[in-house]
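# Examination of the molecular architecture
The lines below spell out each chain.
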Amino acid sequence: MGYPDAQELSVSYYSYLLHAGRVSSTHQSLFDVSVMVLFGILGYTMKKMGISVAALLIAFILGPMLETYCRQSLTMSRGDPAIFLHSGLSVTLLAMAVLVLIWSLARGGKALFRKEIS
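So, a few notes on the structure that sits alongside this text.

Conventions adopted
Residues numbered from 1 in each chain as written. Predicted model: local features only at pLDDT ≥ 70, side-chain atom pairs only at ≥ 80, totals over all residues. Heavy atoms only, no water. Helix = DSSP H or I, 4+ residues; strand = E, 2+ residues; numbered from the N terminus. Buried < 20%, exposed > 50% of the residue type's maximum accessible area, 1.4 Å probe, protein only. Areas by Shrake-Rupley, 256 points an atom, 1.4 Å probe, with all protein chains shown as cover. Salt bridge = Lys/Arg side-chain N within 4 Å of Asp/Glu carboxyl O. Expected span 1.5 Å × (residues − 1).

With that out of the way, let us pick up the overall build of the protein chain. Across its full length, the protein chain carries four helices and zero strands. For the protein chain, the sequential pattern of α-helices and β-strands runs α-α-α-α. Evaluated residue by residue, the protein chain yields a buried proportion of 3% over its 118 residues. Accessible surface, the protein chain: about 10,500 Å² in total, of which carbon and sulfur atoms supply 71%.

Bringing the pattern of salt bridges into the picture now. For the structure shown, the criterion picks out one salt bridge. Where R71 meets E67, a salt bridge forms, and the shortest distance between an N and an O atom there is 2.9 Å. Taken together, the residues span about one helical turn, with R71 and E67 both in helix α3 (residues 53-76) at a distance of four residues. In this structure E67 comes out as partly exposed when scored by relative accessible area, which is 48%.

Our focus in this paragraph is helix α2 (residues 30-49). Since the α-helix turns once every 3.6 residues, residues separated by three or four places project in the same direction. Between its first and last C-alpha, α2 extends 29 Å over 20 residues, near the 28 Å set by a 1.5 Å rise per residue. G50 occupies a position one or two residues after α2 and carries a positive phi of about 80°.

Quick look at the structure:
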């Protein structure tokens, strides 16, 4: 993967200007343009780091539902987080989630360390 040529850069530059114009013309707000730029930077960073966009999309969809149901469970238990440990199934799923998190962090750390060495 080399550097893009001048034609690719000019097309992407004019594309960004076109989108910035469209975003700012909708509400006449610089905030909308800055949000667009921040998400562009986020997308570029995710692409460079090899992070899947699908995972972020799933998190955006399921995150609010998870928050709602967790708040509902905590309300029913009067704020006691031990409600998530009452069932064997919930304990198993929580343990599996923790193990997957630890495994992915360890695997990602090894990959970053390997990249720094070479």
